[in-house]
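Now for the letters of each chain:
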Amino acid sequence: MLLLSLLLQIILLILGNRRKYLRSYGIKILVWLSYLAADWVTVATLGKLPLVITNVNITKDQHKFLLKGVWASLLLGHLGGPDTITAFAIEDNKLWLRMMAHAALTIYIIVVSWTSSLLSIFSFPMFLAGIIKYSERTWCLYKSSLENSMQKTPLFDVKLLDNVTADCKDPTTDAEKVVLAHHWFAIVRPDINNYFSANLQSLEARLGPHLQEIVNLTDIRYLRTLMEKTNNVYLLDIVVIQSAFMYDMLYTKAAIVYTKLGCVLRLISSFCCISVLILLLKTSSGQVLLSDSWTTVTLLVGAVAQEIYALSVILSSDWTLLLRARYQKNCFIGGIFQSMHWLISKHHEKKRWSRSMGQFDLLSYCISLSKRKPSKILGMIGIDEKLQKLRHVEFKGIHSSLNDPETFPSGLPMPEEKTILPLGGELSTRSNLHLAFDHGVMIWHIATNICYHRCNSSGARITCKTISDYMMYLLAMKPSMVSPNASFWFDSFSSYVVKFCRDKNIVHEDETTVFQQLLHESGSASPNNGRLITIHGDQSSSFLPNYSMQLNVAILQSAQRIVSDFDAGSIGWDEVKLVWLKKLHEAAVNCPHVCHLEELTEGGEFLTLHWLIVNHTYHAASMEEVLRNY
């Protein structure tokens, strides 16, 4: 059990922070199982140690009796966990209070197993190292919990980096991007819901004329100008770094590790582990080289190896670049960083997010679903449909056109999407926005796919297809990011299409042909025997019989109208692109804050980067307005 606990800690240390840039389901499952098992194995082993102590014959097995105190201290360190993961999900941060009980049990074991021998004395430095790691995790969980998030403070005082930011005319190097990203991150704190808007007025009231000493107006204007540049290639890189900062603050020990106190605590815990290992090897030579002693040595070697690996992660992180920038004028500390430049420079090789967008083709999914028999076993446990969706998800790199800041509009108004919707027994022209947002996504996704296969022109065609499939990916796989009812309406429409394919015995036709038949059928359908009642967001709706059927036909008829307008030349790819950019913008702004935070552990979402840019543009304007008064 002791060695199993060590193995789980090593897995979490190596793979814990890779979730922010890997989308591998295998790694995610491995980290999840290790995270759940690590605390359970450690607590179970810690709980058995008092029973082992009472059953040991002190006269015959004195060494076994004495080593239990060292084991308890090592297990306490395991409960503290590695630096690379403190919480698997955002909800785990709320469980900080449960961490408080284990330290008392460790103290009890040390007291019970105490004698005047040298081996008993070893338990004290190990307990110190264990309680440090344990306290670090408890403190980070407490500070990262949403209830206490308003008490958190930025890692560095903003004014300490003002001189560095002011020198960045264009953030061309990675170091300049990191400094600029953190400078803005420290002001806005996107990891905390409503942090900026809730604190701006109180900050102004408390600091008054001293506000400019903390926040530099020149930097705020520079940040705003940066976001408004039409051909700036650095904006996406900067918000990617900020998303990595968000991940570190919420799911790792970054909030304590990179502070002065954290550095001191790390030196103490490392010194304790190394000194106890050396002393134990000396006292064990020729005396107690038994199985229990080798178990203890293995645990201590593992603890030292974890400290070394954690140090390499710390030195190759973006946070260390900030420390280097902060102390660049300090000869002593700057010299230390310079001597480790070979390790610090490794951050260039580090990924901060997955650099990919999920793609989901609704038409292909429905046709594929109509050709297979549902699995009764998988259906009974409720994962058959989920697995089928996963089979149709594809991840692609970010298209170059999406790096353009024009992709990130700052205005909130949505464009008019003139389509034909059935209403009151007649076809009437009205805006798609009167439908729920997820209905509009399905309408434009169908229309975009059909137009994409009909037209081979270049330009915005690929961009439209990429965003269309990405929005459908969010609707199918991440419905909570799009709309409270997104999952229901997606399932309703896909079931309608699947039933149509099976009724018509469609097997070999491609998706364009199938949906042409669907559109033809919907054109002759009469879904408006009763008035079509629209749904907005999570509001409940009154409806007449066959409402779902009416809505599904309405979606197809609306898509048919868009395709007809496209064929007639009334709209082109540029207009379609504008619609998709506005929908992307609307989804980013209206997505719940907690959903953005949760997706940081899934490799990150392009929607979150879009949200960061939109929010920062607004916050920069707000801050500049306040600072004009001083």
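Residues numbered from 1 in each chain as written. Predicted model: local features only at pLDDT ≥ 70, side-chain atom pairs only at ≥ 80, totals over all residues. Heavy atoms only, no water.

**What about the overall build of the protein?**
Per the secondary structure count, the protein includes 28 helices and 4 strands. Split into buried and exposed, the 630 residues of the protein put 56% on the buried side. Contacts spanning at least 24 positions in sequence make up 81% of the contacts within the protein whose residues lie at least 6 apart. Split by element, the accessible area of the protein, about 27800 Å² in all, is 59% carbon and sulfur. (Helix = DSSP H or I, 4+ residues; strand = E, 2+ residues; numbered from the N terminus. Buried < 20%, exposed > 50% of the residue type's maximum accessible area, 1.4 Å probe, protein only. Contact = heavy atoms within 4.5 Å. Areas by Shrake-Rupley, 256 points an atom, 1.4 Å probe, with all protein chains shown as cover.)

**Side note on the packing of helix α22 (residues 461-477) against helix α26 (residues 573-590)**
α26 packs onto α22 with a crossing angle of 30 degrees between their chain directions and a minimal axis gap of 9 Å. In terms of their interaxial angle, α22 and α26 are classed as roughly parallel. As for how α22 packs across α26, the hand of that crossing is left-handed. Within the contact between the two elements, α22 uses Arg461, Thr463, Cys464, Ile467, Ser468, Tyr470 and Met471 and α26 uses Trp573, Val576, Lys577, Trp580, Leu581, Lys583, Leu584 and Ala587. The residue inventory of the contact of α22 with α26, partitioned by class, reads 10 nonpolar, 2 polar and 3 charged. (Axes fitted to C-alpha atoms, helices over the stretch in contact; angles between N-to-C directions. Parallel < 35°, antiparallel > 145°, perpendicular 65-115°, else oblique. Left-handed = near helix turned anticlockwise from the far one by under 90°. Nonpolar A, V, L, I, M, F, W, Y, C, P; charged D, E, K, R; others polar.)

**Focus: α26**
When the terminal C-alpha atoms of α26 are compared, their 26 Å separation across 18 residues agrees well with the 26 Å that a helix rising 1.5 Å per residue should span. Those residues of α26 that sit buried are Trp573, Val576, Val579, Trp580, Leu581, Lys582, Lys583, Leu584, His585, Glu586, Ala587 and Ala588. (Expected span 1.5 Å × (residues − 1).)

**Overview of the pattern of salt bridges**
Here the structure, examined in full by the defined rule, presents 18 salt bridges. Of the charged contacts in the structure, one is a salt bridge between Arg137 and Asp39, with a shortest N-O distance of 3.3 Å. You can see Arg137 sitting in helix α5 (residues 118-144) and its partner Asp39 sitting in helix α2 (residues 25-55), a full 98 residues away along the chain. Relative accessible area serves as the criterion here: at 4%, Arg137 is assigned to the buried category. Between Asp491 and Lys389 there is a salt bridge; the shortest N-O distance is 3.6 Å. One end of the pair, Asp491, is in helix α23 (residues 486-503); the other, Lys389, is in helix α20 (residues 384-391), and 102 residues separate them in sequence. (Salt bridge = Lys/Arg side-chain N within 4 Å of Asp/Glu carboxyl O.)

**Remarks on the nonpolar core**
With 145 residues, the main nonpolar core has Ile446, Met471, Phe515 and Leu607 as its most contacted residues. Contact partners of Phe515, with chain neighbours within four places excluded, come to Leu363, Ile446, Ile450, Val497 and Leu556. (Core = buried A, V, L, I, M, F, W, Y, C linked by side-chain atoms within 4.5 Å.)

**Comments concerning the side chain of Asn449**
Mapped onto the elements of the fold, Asn449 is located in helix α21 (residues 437-454). A polar contact is formed between the side chain of Asn449 and the side chain of His445, at a distance of 2.9 Å. (Polar contact = N/O pair within 3.5 Å; in protein donor to acceptor, adjacent residues only side chain to side chain.)

**Here's the deal with the packing of helix α11 (residues 235-251) against helix α15 (residues 318-326)**
Think of two packed helices as two axes; the pair is described by the angle between the axes and how far apart they sit. Axis separation between α11 and α15 bottoms out at 10 Å; the angle between their running directions is 105 degrees. When the axis of α11 is compared with that of α15, the two are roughly perpendicular. Contact residues: α11 offers Ile241, Phe245, Asp248 and Met249, while α15 offers Asp318, Trp319 and Leu322. Taken together, the residues that form the contact of α11 with α15 break down as 5 nonpolar, no polar and 2 charged.

**Side note on unusual backbone geometry**
The backbone of Arg355 shows a phi angle near 55 degrees, a positive value even though the residue is not glycine. Note that Arg355 resides in the loop between α17 (341-344) and β1 (356-360). Owing to a relative accessible area of 47%, Arg355 belongs among the partly exposed residues under this scheme.

**Points about the confidence of the model for the protein**
A low pLDDT means the predicted coordinates there should not be read in detail. Scored by pLDDT, the protein comes out at a mean of 75, with 68% of its residues at no less than 70. The low-confidence segment residues 157-168 (pLDDT under 50) makes 29 contacts with residues lying over four places distant or belonging to another chain. Counted against residues more than four places away or in other chains, residues 526-545, with its pLDDT under 50, gives 45 contacts. (pLDDT = per-residue confidence, 0-100.)

**A few points about the pairing of β1**
Of all 5 residues in β1, 5 are buried; the element is thus mostly enclosed. Residues Ser356, Gly358 and Phe360 point to one face of β1 and Met357 and Gln359 to the other, with burial holding for every one of them. Relative to strand β2 (residues 393-397), β1 runs antiparallel, the two being bridged by 5 bridges. Bridging from a neighbouring strand, Met357 pairs with Lys396 of β2. (Pairing = 2+ DSSP bridges.)

**Brief notes about the environment of Ala103**
Relative to the helices and strands, Ala103 resides in helix α4 (residues 102-112). By relative accessible area, Ala103 is classed as buried at 14%. For the pair Ala103 and Phe127, spaced 24 residues apart in sequence, the C-alpha separation works out to 9.3 Å. Filtering out sequence-adjacent residues up to four positions away, Ala103 remains in contact with Leu76, Ile131 and Tyr134.

**As for the state of the cysteines**
Under the definition given, this model contains 0 disulfides. Among the cysteines around Cys272, which has no disulfide bond, Cys273 carries the closest sulfur, lying 6.9 Å off. Given the relative accessible area of 5%, Cys272 is considered buried. (Disulfide = S-S within 2.5 Å.)

**A look at the side chain of Glu307**
Tracing the chain through its elements places Glu307 in helix α14 (residues 291-315). When neighbours within four sequence positions are excluded, Glu307 is seen to be in contact with Lys133, Arg266, Ser269 and Ser270.

**Things to note about α15**
Of all 9 residues in α15, 7 are buried, a share of seventy percent or more. Turning to α15, its buried residues number three or more, namely Asp318, Trp319, Thr320, Leu321, Leu322, Leu323 and Ala325.

**Quick look at empty space enclosed by the protein**
Across all of its chains, the model carries 5 cavities of 30 Å³ or more by this definition. Volume-wise, the largest cavity comes out at about 200 Å³. In terms of lining residues, the largest cavity is bounded by 19 residues, among which Gly77, Lys133, Ala303, Gln306 and Glu307 are the most central. Among the elements of the structure, α1 (2-15), α3 (62-80), α5, α13 (260-284) and α14 are those that each provide at least two residues to the lining of the largest cavity. (1 Å grid on protein atoms, 1.4 Å probe; cavity = no way out; pocket = protein on both sides within 12 Å on 5 of 7 lines; lining within 4 Å. Points joined across faces, edges and corners; volume = space filled by probe spheres on them.)

**A word on a nonpolar patch on the surface**
Taken together, the side chains of Tyr25, Ile29, Trp32, Leu33, Leu36 and Phe395 present a nonpolar region at the surface, about 570 Å² in accessible area. Counting residues per element, the nonpolar patch draws most heavily on α2, at 5 residues. With respect to the helices and strands, the residue Leu36 is situated in helix α2. Classification of Leu36 by relative accessible area gives partly exposed; the value is 45%. (Patch = residues over 30% accessible without salt bridge, like charges linked within 9 Å, V, L, I, M, F, W, Y side chains within 5 Å.)

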